[in-house]
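Structural description and commentary
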Amino acid sequence: MSEEDEEIDDDAVAAEWEAMAAADDGDGEEGMEDGEEDMAAAMGTDRVLDQDEIDSLLGFDGDEGGEGTKSGIQALINSGLVAYERLPMLDIIFDRYVRMMSTSLRNFTSDNFEVSIDNMTSIRFGDYLNSIPLPAMLAVFKAKEWDNYGLITIDSNLIYSVVDALLGGRRGTAPMRIEGRPYTTIEHTLVEQMLGVILKDLCAAFEPLSPVTFKLDRLETNPRFASIAQPSNAALLIKMRADMEDRGGRMELVLPYATVEPVRELLLQRYMGEKFGRDSIWETHLATELMMTDVSLEAVLDEQTMTLGEVLGLEIGQTLMLNAVPDGDIEIKCSGVPMMRGKIGRMGRYVAIKVDQLYRKLYEEAGS
């Protein structure tokens, strides 16, 4: 091949490369323009969220009971709440509670009374107060030993059902519900008597775990006057259903976590009497062996302060003068810790010390 052909070929190849590069630049600019248009369309202000997307973003999925899994902003808000499942002993306590309360209310109303638990959840106290359906009675009670308060909410259906049963209403007919009027004195009195039965059973349910006395403090009909905790505080909510044949209603028990904090360690048990790894037999054996341990006691006749030079200057045969006197007090130490004080003397062929004072009692008095 000649040099002219090689020059022609080089020129042709260079021209082809220039044409291909120009085509690629044109396609890239068009692709970038198309991508920018698509992105602008996607981020444009004409995009409007529908109601379902807004509810999903905020976490309101239409589940009024609140039993479903929360999502969105609601999940972030409620992420700090403590799940009641972390206190497994509560299941045992309230299972016993509803069985005892069914029997007690059956005797109280002379009617077929059945109480069951719908669910147990954790909720912020402020959210619960805002969700109470009115009209209702709110009973504030105090746990004396725990020095805190709890709340029981009884809805109007249960109130009218109990009043109807106690005053001799006919069975098989739903109680009449009168809207727009406050509860009467008779209704207040009968509800207080029922609450006395309910709180007595609640005391009996907690007694095997920790004896506590629940006492009714006051009755309220306005949730604003039943605030027993800060709105942001977490609380345990137990929803119960009370049925009297074709009558009945709902009852809710609210215990702020601050109320059950004194017995939190006991509520962490999975069964009654759990010791969290502690073995009482081993503890007793260890205490017995410790009491039989031999210890060395030192009777200190006198103590003197000397310089390091004086100590280094001591020689064999040198006499140290002690300031101890025959009737002076002798201090007895154990591993350098003063334990007792007494007088030196003799018993038979042994040198003995008569103990006059125990430092242990002084330590206990100083600590108390």
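Anything mentioned here points back to the structure above.
What comes next is a walk through the structure. This one's a predicted model, so the numbers in the text were calculated from it and none came from an experiment. The residue count restarts for each chain, going from 1 along the sequence in the order it is written. In keeping with the model being predicted, local features are shown solely for residues with a pLDDT of at least 70 and side-chain atom pairs are shown and tallied solely at 80 or more, while totals for entire chains, interfaces and linings include all residues. Side-chain figures throughout are based on the complete set of non-hydrogen atoms in the structure, without hydrogens or water.

On to the overall build of the protein, then. Each helix is a run of H or I in the DSSP string that is no shorter than four residues. Each strand is a run of E no shorter than two, and both are numbered from the N terminus. A tally of regular secondary structure across the protein gives eleven helices and ten strands. Burial statistics for the protein: of 368 residues in total, 30% are counted as buried. Only heavy atoms matter for contacts: two residues are in contact if any of them lie within 4.5 Å across the pair. Residue pairs in contact within the protein that sit at least 24 positions apart in sequence constitute 63% of those at least 6 positions apart. Of the roughly 24,500 Å² of accessible surface on the protein, 54% is carried by carbon and sulfur atoms. Categorising residues by exposure relies on relative accessible area from a 1.4 Å probe, with only protein chains included: less than 20% of the type maximum marks a residue as buried, more than 50% marks it as exposed, and the intermediate range marks it as partly exposed. What sets the accessible areas is the Shrake-Rupley method with a 1.4 Å probe; for residues, cover comes only from the shown protein chains.

On to the side chain of E252, then. With respect to the helices and strands, the residue E252 is situated in strand β6 (residues 247-256). Of the side chains with opposite charge, K239 lies nearest to the buried E252, which makes no salt bridge, at 4.6 Å. One polar contact links E252 to Y128, side chain to side chain, over a distance of 2.7 Å. Discounting residues that sit within four places of it in the chain, E252 has contacts with Y128, L151, I152, T153, L237, I238 and K239. When charges are tallied, Lys and Arg are placed among the positive residues and Asp and Glu among the negative ones, while His and the ends of the chain are skipped. We count a salt bridge whenever a side-chain nitrogen from Lys or Arg sits within 4 Å of a carboxyl oxygen from Asp or Glu. Polar contacts here mean pairs of N or O atoms no more than 3.5 Å apart (in protein, one a potential hydrogen donor and the other a potential acceptor; neighbouring residues in sequence count only if both atoms are side-chain atoms).

This part covers the sheet that holds strand β9 (residues 337-347). Strands were regarded as paired on the criterion that DSSP finds at least two bridges between them. One open sheet holds the four strands; their spatial order is β7-β8-β9-β10, and the pairing between them is antiparallel. Looking at which strands have only one partner, the edges of the open sheet turn out to be β7 (298-300) and β10 (350-358). Strand-to-strand twist across the sheet, computed as the mean angle between neighbouring axes with direction ignored, equals 45°. Bridge count between strand β8 (residues 329-334) and β9: six bridges; the pairing is antiparallel. Within β9, the residue paired with E331 across the bridge is R341. Simply put, an axis is a line fit to the C-alpha atoms, just over the touching stretch for a helix, and the angle between two N-to-C directions goes from 0 to 180 degrees.

Where strands meet in a sheet, backbone hydrogen bonds hold them as pairs that are either parallel or antiparallel. Strand order across the open sheet formed by six strands is β1-β5-β6-β3-β2-β4, with antiparallel pairing between neighbours. Across the chains shown, the open sheet's two edge strands, defined by having one partner strand only, are β1 (114-124) and β4 (214-220). Averaged over neighbouring strand pairs, the angle between their axes works out to 20° when direction is ignored. Direction of pairing for strand β2 (residues 136-143) relative to strand β3 (residues 148-155): antiparallel, over a ladder of eight bridges. The partner of M137 across the bridge, within β3, is I154. Contacts between helix α4 (residues 89-109) and the sheet are confined to β1, β5 (234-244) and β6, with β1 contributing the most and set at about 140° to the helix.

Another aspect to go through is helix α9 (residues 280-291). Taking 1.5 Å per residue, twelve residues should reach 16 Å; α9 reaches 17 Å between its end C-alpha atoms and fits that length. Of all the twelve residues making up α9, zero are buried; the element is thus mostly uncovered. Under the convention used throughout, the expected extent of a helix is 1.5 Å for every residue step, that is, one less than its residue count.

This structure, assessed with the given rule, holds eleven salt bridges. A salt bridge links D217 to R218; the nearest nitrogen and oxygen atoms lie 2.8 Å apart. Judged by its relative accessible area of 28%, R218 is partly exposed. In this structure, a network of salt bridges that share partners links the residues D217, R218 and E220.

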